Amino acid sequence: MCDTCGCGDLAVRTIDVNERLLASNAAVAEHNRAHLDERKVFAINLMGTPGAGKTALLEATIAQWRGFRRITVIEGDQATDRDSARIRAAGATARQVETGLGCHLDAHQIHDALHHFDLRDGDLLFIENVGNLVCPALFDLGERLRVVVTSPTEGADKPLKYPPMFRAAHVVVLNKCDLIPHVPFKLDEWTEYIRAINPRARVIKMSAPNGEGVGQWLGEIDNVRQSFLAGISA
Ligand code: MG
């Protein structure tokens, strides 16, 4: 049947469309990166499952840095502006991108959103991606740091089940650590899986609402941002 039905051609066309889509995204991502570098804006792509605590992590970050750092946030969700409202209530500038059926943010959406901000030298830009451990790993947005936020309620085996996401991360945050005694989560197994998938990832254990690990998180962001600023000034 496959000799006559044309499914081979269909597969080739699908691959071609996907490659062009990713190539177009990569070109716009490089444009975004150049635009942000020119303004010395350090951009962080925050990824992870829905409910891992990405927005809570941003609220804790904004609370600690209010008055010291200018923070801008692009929020991605399929629907509602609830998270951008939370970010504005916390004290930072935010813009919501509603993706409809889309399961991730892409570089074109970030490019469009950047036109709505008055970014200045030294600003921090956080991009909270759509909650999803699959598609966001494939789409470069023009960021300088990729962070995956995960939590004990998701189970210890997610690094093994979703390796591209964890492999793509510079930093892996295990959020909601206060829940570890109450859920069937084996921290040593999770740590072993992270190390197997991505030995270079920096791991931060924290609980954003009660403040545990927030200092280490802020220090990590500050260190990488300082290296970024030194690199683009060199
Ligand atoms: Mg959120």
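One can find the structure itself at the top, above this paragraph.
What you see is a predicted model; the values in this text were computed from it and never measured.

Criteria and thresholds
Once a new chain begins, its residue numbering starts again from 1 and follows that chain's sequence as written. Predicted model: local features are reported for residues with pLDDT of at least 70 only, side-chain atom pairs are reported and counted for 80 or more only, and whole-chain, interface and lining totals are derived from all residues. The basis for the side-chain values is all heavy atoms of the structure; hydrogens and waters are excluded. Stacked, edge-to-face and tilted labels apply to pairs of Phe, Tyr and Trp rings (six-membered ring for Trp) whose centres lie within 6.5 Å, assigned for plane angles under 30 degrees, over 60, and everything in between, in that order. In this description a helix means any DSSP run of H or I spanning at least four residues, a strand means any run of E spanning at least two, and both kinds are numbered starting from the N terminus. Throughout this description, buried means an accessible area under 20% of the type-specific maximum (1.4 Å probe, protein chains only), exposed means over 50%, and partly exposed covers the range between. Lysine NZ or arginine CZ positioned within 6 Å of the ring centre and within 35 degrees of the ring normal marks a charge as sitting over the ring. For helices, the fitted axis covers only the stretch in contact; all axes are lines through C-alpha atoms, and the angles between them, taken along N-to-C directions, range from 0 to 180 degrees. Angle categories: roughly parallel below 35 degrees, roughly antiparallel above 145, roughly perpendicular from 65 to 115, and oblique for all the rest. In what follows, residue pairs with any heavy atoms lying within 4.5 Å of each other are defined as contacts. Three residue categories are used. Nonpolar comprises Ala, Val, Leu, Ile, Met, Phe, Trp, Tyr, Cys and Pro, charged comprises Asp, Glu, Lys and Arg, and polar comprises the others, including Gly. Coordination partners: N, O, S within 2.8 Å of the metal, 3.2 Å for Na, K and Ca; water not considered, so apparent gaps in a site are possible. Any two strands with at least two DSSP-identified bridges between them are counted as paired. What makes a salt bridge here is a side-chain nitrogen of Lys or Arg within 4 Å of a carboxyl oxygen of Asp or Glu, nothing more.

Draft legend 1. The packing of aromatic side chains, seen in detail. Following the criterion strictly, the structure yields 2 aromatic pairs and no others. Between the aromatic rings of Phe42 and Phe228, the centroid separation amounts to 5.2 Å while the plane-to-plane angle is 40°, which identifies the pairing as tilted. Of the two residues, Phe42 sits in strand S1 (residues 42–48) while Phe228 sits in helix H9 (residues 214–233), which places them 186 residues apart along the sequence. Between the aromatic rings of Phe185 and Trp190, the centroid separation amounts to 6.4 Å while the plane-to-plane angle is 50°, which identifies the pairing as tilted. A single burial state applies to Phe185 and to Trp190, both of which are buried. In this structure, Arg69 is placed above the aromatic ring of Trp65, and the distance from its NZ or CZ to the ring centre is 5.3 Å.

Draft legend 2. Looking closely at the packing of helix H3 (residues 54–65) against H9. Two elements in contact, H3 and H9, have axes separated by 11 Å at closest approach and are oriented at 80°. When the interaxial angle is binned, H3 and H9 end up roughly perpendicular. Side by side, H3 and H9 meet where Leu57, Ala60, Thr61, Gln64 and Trp65 of the first sit next to Val214, Trp217, Leu218, Ile221 and Asp222 of the second. When its residues are assigned to classes, the contact of H3 with H9 shows 7 nonpolar, 2 polar and 1 charged.

Draft legend 3. Geometry of the coordination of the magnesium ion. The coordination sphere of the magnesium ion contains the protein donors Thr55 (OG1), Asp83 (OD) and Glu128 (OE), at a distance range of 2.0 to 2.1 Å. Binding-site remark: the magnesium ion is held by donors from one chain whose sequence spacing is T-x27-D-x44-E. A residue pair is termed long-range when its members are at least 10 positions apart, and Thr55 in helix H3 and Glu128 in strand S4 (residues 124–128) qualify at 73 residues. The class of Thr55 is buried, set by a relative accessible area of 5%.

Draft legend 4. Focus on the sheet that holds strand S5 (residues 145–150). If you trace the 7 strands from one edge of the open sheet to the other, you get S3-S2-S4-S1-S5-S6-S7, paired in parallel fashion. The open sheet has two edge strands with one neighbour each: strand S3 (93–98) and strand S7 (202–205). Sheet twist, expressed as the mean angle between neighbouring strand axes with direction ignored, is 20°.

Draft legend 5. Quick look at the pattern of salt bridges. Enumeration over the complete set of coordinates arrives at 15 salt bridges. For the salt bridge of Arg33 with Glu30, the shortest nitrogen-to-oxygen distance reads 2.7 Å. Taken together, the positions of Arg33 and Glu30, both in helix H2 (residues 7–38) and 3 residues apart, correspond to about one turn of that helix. Taking relative accessible area as the criterion, Arg33 reaches 10% and is therefore assigned buried. Here Glu143 makes a salt bridge to Arg146, at a shortest N to O gap of 3.8 Å. Residue Glu143 is classed as buried on the basis of its relative accessible area of 4%. What emerges from the salt-bridge pattern is a single network uniting Glu30, Arg33 and Asp140.

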